[in-house]
Amino acid sequence: MSRLAAGAAWLLLVPGPAGGADAPDLHCEQEPGNRFFWTEWGFCDLPAHGPEKARGVVIWNHGILGTNEQYKAPPALVLRLLYGRGWDVIKLNRNNLGETSRDLSLARATERTEAEIAAQLKRGYRRVILAGQSFGGYITLETAEGQRGLYGVIAMSPGVTVRGGVDRLDPSITERLLRDTKATRVVAVFPPGDTLFDNRVRGPGALRALGARGVPYLVVDETSRAISGHGGGMGGRFALRYGICVADFFSGDAPPAGPIPCPAGRESDAVRELVLRDAPPRPLLPGAVPP
């Protein structure tokens, strides 16, 4: 009976047809209920630009940690800089209770991400960036391998481990996916000190793969001193050190094929765009002169 109950519970979590993404409900802090997938705005404190005004849309896939509620985590902070350049950000959430089989989750998530791309293009967004971290980065690269017309990819610490923390990461898979991606601009992040993946050094292989692809790319690898750890691309350190480079990369004219330099020294620009741009105007005191 317990096996029958588990099977019935899994069937309830099977995603509906791809057409269900045509009119998404993007309000924040939704509960999954009996859904395997659902979508929300990435940053609920920021108003959406909308398909007509936006430069494009970023579709974010989150990581996985057993059956923990990873969908409650916000997207990488650096994506707020992309929002400031005119990109809307959407989270594609997965029900944690259905994350029992990595292979099945990957296949379903890739299929659902493809459907979300089609849905957002149908809504009127002109460009699509796929982004994700850890298992979400793996989903991003798997989807990008077979998806033509993608404007960009951001893959942070892409990969997956099996239950119990046993490492099954194969760097050659990531390199193949990077080499075969159809996206026109690629950002790949491999922080030093990634103990989840046994501190494997993946930057050199990624650089070779992207160099063979002939697209512009930005690789932050294990030589970086600004970030560390499996989640090194998610927080403020990455956004401050590399955020302006990422924002410029996806918001400017098409750069030439090859590696994109990202010199230090633009942290203050990142602070202004992350903090001061969103700060409400201060009321003037009586008799004060506007600055």
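Residues numbered from 1 in each chain as written. Predicted model: local features only at pLDDT ≥ 70, side-chain atom pairs only at ≥ 80, totals over all residues. Heavy atoms only, no water.

### A look at the overall build of the protein chain
Inference 1: Helix and strand counts for the protein chain come out as eight helices and eight strands.
Inference 2: The burial tally for the protein chain puts 49% of its 291 residues in the buried class.
Inference 3: Long-range pairs, those at least 24 residues apart, make up 76% of the contacts in the protein chain between residues at least 6 apart in sequence.
Inference 4: When the accessible surface of the protein chain is totalled, it reaches about 13,700 Å², and 56% of it is carbon and sulfur. (Helix = DSSP H or I, 4+ residues; strand = E, 2+ residues; numbered from the N terminus. Buried < 20%, exposed > 50% of the residue type's maximum accessible area, 1.4 Å probe, protein only. Contact = heavy atoms within 4.5 Å. Areas by Shrake-Rupley, 256 points an atom, 1.4 Å probe, with all protein chains shown as cover.)

### Overview of the sheet that holds strand S1 (residues 37-41)
Inference 1: Sheet architecture is open: eight strands sit in the order S1-S3-S2-S4-S5-S6-S7-S8, paired in mixed fashion. Two strands close off the open sheet at either side, each with one partner strand: S1 and strand S8 (258-259).
Inference 2: Relative to the sheet, helix H4 (residues 135-145) contacts strand S2 (56-61), strand S3 (87-94), strand S4 (128-133) and strand S5 (152-156), its axis offset from that of S4 by approximately 145 degrees. (Pairing = 2+ DSSP bridges. Axes fitted to C-alpha atoms, helices over the stretch in contact; angles between N-to-C directions.)

### Let's talk about the packing of helix H3 (residues 102-123) against H4
Axes are the key here: two packed helices are described by the angle between their axes and the distance separating the axes.
Inference 1: Between H3 and H4, the least distance of the axes is 9 Å, while the angle of their chain directions is 60 degrees. Regarding the angle of H3 to H4, the classification is oblique. The chirality of how H3 crosses H4 is right-handed. Here H3 contributes Arg102, Ser105, Leu106, Ala109, Thr110, Thr113, Glu114 and Ile117 to the contact with H4, which in turn contributes Phe135, Tyr138, Ile139, Glu142 and Thr143. (Parallel < 35°, antiparallel > 145°, perpendicular 65-115°, else oblique. Left-handed = near helix turned anticlockwise from the far one by under 90°.)

### Observations regarding the pattern of salt bridges
Inference 1: For the structure on display, the rule yields nine salt bridges.
Inference 2: One salt bridge in this structure joins Glu273 and Arg85, with 2.9 Å as the shortest N-O distance. You can see Glu273 sitting in helix H8 (residues 267-274) and its partner Arg85 sitting in the loop between helix H2 (79-84) and S3, a full 188 residues away along the chain.
Inference 3: Under the relative-accessibility criterion, Glu273 is labelled partly exposed at 21%.
Inference 4: Bridged by salt links that share partners, the residues Arg85, Asp248, Arg266, Asp269, Arg272 and Glu273 form one connected network. (Salt bridge = Lys/Arg side-chain N within 4 Å of Asp/Glu carboxyl O.)

### Examining the side chain of Arg80
Inference 1: Along the chain, the position of Arg80 falls in helix H2.
Inference 2: One polar contact links Arg80 to Asp45, side chain to side chain, over a distance of 2.9 Å. (Polar contact = N/O pair within 3.5 Å; in protein donor to acceptor, adjacent residues only side chain to side chain.)

### Remarks on the packing of aromatic side chains
Inference 1: Under the defined criterion, the tally for this structure stands at five aromatic pairs.
Inference 2: Here the aromatic rings of Trp87 and Tyr151 are separated by 5.5 Å at their centres, their planes lie at 40 degrees, and the arrangement is tilted. On the criterion of sequence distance, the pair formed by Trp87 in strand S3 and Tyr151 in the loop between H4 and S5 is long-range, its members being 64 residues apart.
Inference 3: Tyr151 sits in the buried class, given a relative accessible area of 14%.
Inference 4: Between Arg80 and the ring centre of Phe43, over which it is positioned, the NZ or CZ distance is 5.1 Å.
Inference 5: Over the ring of Tyr151 we find Arg127; its NZ or CZ atom is 5.6 Å from the centre of that ring. (Phe/Tyr/Trp six-rings, centres within 6.5 Å; stacked < 30°, edge-to-face > 60°. Lys NZ or Arg CZ within 6 Å of the ring centre and 35° of its normal.)

### Description of the nonpolar core
Inference 1: Ranked by internal contacts, the top residues of the largest apolar core, which has 36 residues, are Val128, Phe135, Leu150, Val153, Leu178 and Val186.
Inference 2: It is H4 that contributes the most residues to this core, five residues altogether.
Inference 3: For Val186, the contacting residues outside a window of four places in its chain are Val153, Leu178, Thr181, Leu210, Val215, Pro216, Tyr217, Leu218 and Phe249.
Inference 4: Membership of the second largest hydrophobic core comes to 32 residues, among which are Ala131, Val189, Ala239 and Ala247. (Core = buried A, V, L, I, M, F, W, Y, C linked by side-chain atoms within 4.5 Å.)

### Side note on the confidence of the model for the protein chain
Inference 1: In the predicted model, the protein chain carries a mean pLDDT of 84, and 82% of its residues have values of at least 70.
Inference 2: Low pLDDT (under 50) marks residues 1-22, which in the prediction has 24 contacts with non-local residues, meaning those over four places away or in another chain.
Inference 3: In the model, residues 278-291 has pLDDT below 50 throughout and makes three contacts with residues more than four positions away in sequence or in other chains. (pLDDT = per-residue confidence, 0-100.)

### A closer look at the environment of Leu106
Inference 1: Along the chain, the position of Leu106 falls in helix H3.
Inference 2: Through-space distance from the C-alpha of Leu106 to that of Tyr138 is 8.2 Å; in sequence the pair is 32 residues apart.
Inference 3: Excluding residues that lie within four positions of it along the chain, Leu106 makes contacts with Phe135, Tyr138, Ile139 and Glu142.

### A few points about the state of the cysteines
Inference 1: All told, the structure shown has two disulfides when counted by the stated rule.
Inference 2: What pairs with Cys28 in a disulfide is Cys44, and their sulfur atoms sit 1.8 Å apart. On the sign convention where negative means left-handed, the S-S torsion of about -105 degrees between Cys28 and Cys44 marks this disulfide as left-handed. On the criterion of sequence distance, the pair formed by Cys28 in the loop between helix H1 (2-12) and S1 and Cys44 in the loop between S1 and S2 is long-range, its members being 16 residues apart. (Disulfide = S-S within 2.5 Å.)

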